[in-house]
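# Commentary on secondary and tertiary structure
Chain by chain, the residues run as shown.
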Amino acid sequence: MATDAKKPIKLPRTAKGKKPVYFDPVTDKLLSMIMTLMGELSVVRDRLDTVERLAEKAKVFKIDDIENYEIPDEVNAVRMERRAAYIARVLKTVQDELDSLQQDDGADGAAKK
Amino acid sequence: MLQQIMHEMFPTPNHDEEARQEFVNDFRMHLATKVCPGSVPAYFKRVMPAFVKEHGREPKDRHEIRRAMTRDPFYQMWSAMQRSSQEMVWDSVIDSVERQLPDLIAKAAVLNGKGSLTLDPELEIPKYHTAFDIHLQPGAYHTDVVQNDLAAGAVYDRGSFIYAMGGLGEHNDGMGRITRNFFRTRFPGRKLERVLDLGCTIGGSVCFWSQQEPETEFHAIDVGAPCLRYGHARARAIGAGIHFSQQNAEALNFPDASFDLVMSHIVLHETSRTALQNIFNECYRVLKPGGVMLHLDLQQRWGQSPLDAFLGEWEIYNNNEHFYGQLKEIDCGEVAVNAGFDKAKFGIHHVSTTWQDDQTPYGESSFQLPIYLAEK
Ligand SMILES: C[S@@+](CC[C@H](N)C(=O)[O-])C[C@H]1O[C@@H](n2cnc3c(N)ncnc32)[C@H](O)[C@@H]1O
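Residues numbered from 1 in each chain as written. Chains lettered and ligands numbered in written order. Predicted model: local features only at pLDDT ≥ 70, side-chain atom pairs only at ≥ 80, totals over all residues. Heavy atoms only, no water.

### Some thoughts on the nonpolar core
Counting residues in each nonpolar core, the largest one holds 49 residues, and the members touching the most others are B:Val97 and B:Leu101. When contributions to this core are tallied by element, the ones reaching two or more residues are helix H1 (25-57) of chain A together with helix H1 (15-35), helix H2 (39-55), helix H3 (62-69), helix H4 (73-110), helix H6 (151-163), helix H9 (225-237) and helix H11 (306-311) of chain B. Residues within four places of B:Val97 in sequence aside, it is in contact with A:Leu11, B:Pro11, B:Ala151, B:Ala154 and B:Val155. Formed by 30 residues, the second largest nonpolar core is a distinct cluster that contains B:Ile178, B:Cys207, B:Ala240 and B:Ile371. (Core = buried A, V, L, I, M, F, W, Y, C linked by side-chain atoms within 4.5 Å. Buried < 20%, exposed > 50% of the residue type's maximum accessible area, 1.4 Å probe, protein only. Helix = DSSP H or I, 4+ residues; strand = E, 2+ residues; numbered from the N terminus. Contact = heavy atoms within 4.5 Å.)

Below you can see the structure in the form of structure tokens.
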């Protein structure tokens, strides 16, 4: 238990004891992940709120400026691209299944020829 | 969430940690007020009718209801989210404690003030603490990770506050307020030379007592060393004088007849059947003749109907509160008599948790806690 100043302290993170199964182990984990994501999004939103308020206080811009911001076309294009990539990233697990289905198809098709 | 009062030992969260803790609080508030109540219509509208259709009668007890309800999608969803939210409470707090632990330990080392701390590294931690982590606090009350560790206490200070959604009050001393108010209403002029608090954790309740009764010598014991180290430093930080020591309530080091009052706050349901009897025996032994034993614990009644009973059992099966279910079925009067107390001098009283109006989600008078009271 010697305290090593260089080594970061790691406190226990997992509670000892049997965890009940609610739906099934996989669904339970997915649900936990969603709730953690909910939490993290809320954290980011709070942080952004702090940034906006500090910016207004420092007279960088007004929070109203955000509401009144007119999105230039080129900015919109960048955002659309980023959103598409984001959606694809989150739905990757669905896409993976589709991809492998199509791959099987291809393989089958090749074998039949 | 209600603001918790900071003190020098408080594991102050940074911006994002606080945002995470606030989220967990709000999320749990939502689950408690908006989602959990849906279990009742889910039961009456589909679970119960389906049960009646299959068996030709209504479920006869909470066990039958549990088997049916844990297959209902609405209940499953609430229950799974409630479980995750409990894990998130601790996780959101451990971040800030882990980050600040060396500082907190250093602060504790230099805090001066009243009171004392006596640890017993040889003390064996009871099995009911090592077998599983009660209410899912990772490492429970007793795990030391570094030298002079006090993380478990710091985590408990903030985590229990969030768990109770602020219901323990801004100083985390709500239960102490309840017991003191109860005691002083019943025994207004009673002189208290020495008082013992069993299973004090970080001394949240006993600190309130000591601030109200400055003439009294307060002792507080627990099995968990990191909680006691934190509790001792915290007591000093808020100017309370308590003598903390690491002991098992089942086998105390104090001489016979040495206290005017021995009390505990939500400790009994976290022990075991054998421990409960041992603890009552020890209370009897260390009390002076005429001394008072007072234990505040969680609701012991199962409720009016099997459904109430089922709704009241969630923590037992989902939050590692395993003994709580057994405690509900034990006659504490009998335990007290076995310990030597006179049956006529034992009673169970119910106190409402409205210690501070409008500030606790448990503020309705229907939410009552039992106090087991006996005079030697
Ligand atoms: C829920 S906490 C109590 C909270 C505390 N009394 C307060 O007022 O804030 C339960 C505590 O009881 C302690 N405990 C359980 N069994 C014990 C025993 N046999 N001897 C001493 N402490 C015990 C645990 O270590 C834990 O700290």
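### Re unusual backbone geometry
Residue and element names in this part refer to chain B. We note that threonine 201 has phi near 50°; this positive angle belongs to a residue other than glycine. Tracing the chain through its elements places threonine 201 in the loop between strand E2 (194-198) and helix H8 (204-212). You will see that isoleucine 266, though not glycine, has its phi angle at about 40°, which is positive. Relative to the helices and strands, isoleucine 266 resides in the loop between strand E5 (259-265) and helix H10 (273-286).

### Considerations on the domain arrangement of chain A
Accessible area lost during the coming together of the parts is what is often quoted as the interface size. Looking at chain A, the domain boundaries give domain 1 (23-69) and domain 2 (70-107). The C-alpha centroid of domain 2 of chain A is placed 23 Å from the C-alpha centroid of domain 1 of chain A. (Domains from an automatic or database assignment.)

### With respect to helix H14 (residues 332-339) of chain B
Residues and elements named next belong to chain B. Buried within H14 are the following residues: Cys332, Gly333, Val335, Ala336 and Ala339. The arc enclosing the buried residues of H14, seen along the axis, measures out at 160°, which places them on a common side. Contacts from the buried residues of H14 go to H10, strand E6 (287-296), helix H13 (322-327), strand E7 (346-352) and strand E8 (368-375). Among the residues of H14, the N-terminal cap falls to aspartate 331, whose side-chain oxygen and the backbone nitrogen of glycine 333 are separated by 2.9 Å. Of the residues one or two after H14, glycine 340 is the one with positive phi, at around 120°. (Arc of directions from axis to C-beta. Polar contact = N/O pair within 3.5 Å; in protein donor to acceptor, adjacent residues only side chain to side chain.)

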